[in-house]
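Below are the chains, spelled out letter by letter.
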Amino acid sequence: MGGNTGQLGIHTCKSLAEDDPFDPVEPPKRPTSNLIMHSMAMLGREFCYAVEAAYVTPVLLSVGLPKSLYSTVWLLSPILGFLLQPVGGSASDNCQARWGRRRPYILTLGIMMLLGMALYLNGDAVVSALIADPRRKRIWAITITMIGVVFFDFAADFIDGPIKAYLFDVCSYEDKERGLHYHAFFTGFGGALGYLLGAIDWAHLEIGRVLGSEFQVMFFFSALVLTLCFIIHLCSIPEAPLRDVTKDIPPQQAPQDFLLSSDKMYQYGSIEKAKNGYVNPELALQVEKTPNPSKQISKTMTMTSLLRVLMNMPSHYLCLCISHFIGWTAFLSNMLFFTDFMGQIVYHGDPYSAHNSTEFLIYERGVEVGCWGLCINSVFSSLYSYFQKPLVSYIGLKGLYFTGYLLFGLGTGFIGLFPNVYSTLALCTMFGVMSSTLYTVPFNLIAKYHREEQEKQARGGSLDSGERGQGLDCAVLTCMVQLAQILVGGGLGFLVNKAGSVIVVITASALALIGCCFVALFVRYVD
């Protein structure tokens, strides 16, 4: 930027079609501290996920939820997420809030997560204090707990898309790579921390006696961690409001002549100024595509146009979504039933025997050890994320993607064939490799695809993304997680009832190995 137009604090944004188009529009290099602060949202989210994994089943059992409603609880949230996530992604692409495009959605979803945890961890205690009639108390406790679980799951699944889009909007390509690795690192760290705190017997400690029960203790820690992490995240990197890019553009003004006020660009409290010379490339491209850019950016995508955009998605995006769906289906197939596999197959316990029987106690012991296996998964996911950056320079994104699926497929296969306690715990490290891979490589490829499209547009070519933005693409990719949850929750439970939980790891292994072939043959990689 930098041409003086005769007005203090006003800079001219050059067209992306000029020579060296990415010099004036590439975001400034972000300090490591900013990227770590940005990653705190993933730590808080995964910490709360781990708490839910440890406590939601005991909570549902304690309120007396009928077995017929279990599938409703687990399927309602991913169905809602699958239907609404692309709508939310498109809306955030066109959001004109003063605070930026992504952060209003992140804040709203964070509050929904907090509200959901409050309902499912404290609902029974609140209802018991307010209602005396046992029948009405049970009905209200079940209702509030179900609403809390659905609220939390929906918001926690949904929020990943806006967080990734926020990172992509404000970072250069190199910082996007670094940021994704930090995201994966703190995701694993947050999960390990949540599993460890969930393993403590709070009921016999002083804090448990003060707060009432271990459910209230975990809500206290979860609310504290989530609130602090999201405050840090939302204050990490300034985000330019969408309206500031186009509000003063006359309808027929040439794109290379439009003005941007440096004071208005960061007026919401950033210490950064427009001296960085940064305008979001995606916004500038939207401005250049139409003679009336202010109308183009502010328009709201209807459901019809949204479906049209999704149906016309380029083939390489579609292949990436399919590979992501295969990977998450394999991963969730294993993770959701892993503790039951440890209790029944590895320890030879029986969850259906009398609760004071030896078989049931052995099963409970297997479940406890399975929880430690999930903790190992989180710790190794965090460690592997740290080593991904040097690894990618040797084997590339294709090698990382293929290796993650291959190691997970082989690991789960060996667990299914040789169900031994120590070998199973050792092979839980392969779960961490898969987890880290799923959180980084697909979004890294999304960033590469968008950068390629911007470079193509800068050279005068047509823009493949059409009406799509990074928010919508991240949301569609995250939708594959919800689709996998629907498939696993609706179909795999039936297989487990018919063939036992050993079918879980065999299914996960087969899907991961199929995924190996798919990411090697069909997914497109950009140098």
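Located above this text is the structure these notes cover.
Q: Can you help me understand the overall build of the protein in this one?
A: Secondary structure summary: the protein contains 20 helices and two strands in total. The buried share of the protein, reckoned over its 527 residues, is 55%. For the protein, the exposed surface amounts to about 22200 Å²; the carbon and sulfur share of it is 65%.

Q: Sorry if this is basic, but what is going on with the state of the cysteines here?
A: What makes a disulfide is a covalent bond joining the sulfur atoms belonging to two cysteines. Applying the stated rule across the entire model yields zero disulfides. We note that C321 lacks a disulfide partner, and the nearest cysteine sulfur, in C479, lies 8.6 Å from it. Taking relative accessible area as the criterion, C321 reaches 7% and is therefore assigned buried.

Q: I keep staring at the packing of aromatic side chains and nothing clicks. Help me out?
A: Each aromatic ring pair is described using two quantities: the centre-to-centre distance and the angle formed by the ring planes. If you walk through the whole model with that rule in mind, you get 16 aromatic pairs. When the centroid spacing of 5.3 Å and the interplanar angle of 70° are considered together, the rings of F154 and F158 count as edge-to-face. Note that F154 and F158 are positioned in helix α5 (residues 134–158) at a spacing of four residues, about one turn of the helix. No difference in accessibility class separates F154 from F158, as the two residues are buried. Geometrically, the ring pair formed by F220 and F221 is edge-to-face, given 5.5 Å between the ring centres and 65° between the ring planes. With a relative accessible area of 40%, F220 lands in the partly exposed category. Put simply, the rings of W328, F331, F338, F408, F431 and Y439 touch in pairs and so form one group of aromatic residues. Directly above the ring of F443 sits K164, whose terminal nitrogen or CZ lies 4.8 Å from the centroid.

Q: For this particular structure, what's the right way to read the packing of helix α4 (residues 103–130) against α5?
A: Two measures define how a pair of helices packs: the angle their axes make with one another and the distance between the axes. Here α4 crosses α5 at 160°, and the two axes come no closer than 7 Å. By the angle between their directions, the pair α4 and α5 is classed as roughly antiparallel. By crossing handedness, the relation of α4 to α5 is classed as left-handed. Of the residues assigned to the contact of α4 with α5, the class counts are 19 nonpolar, five polar and two charged.

Each value, and the rule that gives it
Residues numbered from 1 in each chain as written. Predicted model: local features only at pLDDT ≥ 70, side-chain atom pairs only at ≥ 80, totals over all residues. Heavy atoms only, no water. Helix = DSSP H or I, 4+ residues; strand = E, 2+ residues; numbered from the N terminus. Buried < 20%, exposed > 50% of the residue type's maximum accessible area, 1.4 Å probe, protein only. Areas by Shrake-Rupley, 256 points an atom, 1.4 Å probe, with all protein chains shown as cover. Disulfide = S-S within 2.5 Å. Phe/Tyr/Trp six-rings, centres within 6.5 Å; stacked < 30°, edge-to-face > 60°. Lys NZ or Arg CZ within 6 Å of the ring centre and 35° of its normal. Axes fitted to C-alpha atoms, helices over the stretch in contact; angles between N-to-C directions. Parallel < 35°, antiparallel > 145°, perpendicular 65-115°, else oblique. Left-handed = near helix turned anticlockwise from the far one by under 90°. Nonpolar A, V, L, I, M, F, W, Y, C, P; charged D, E, K, R; others polar.

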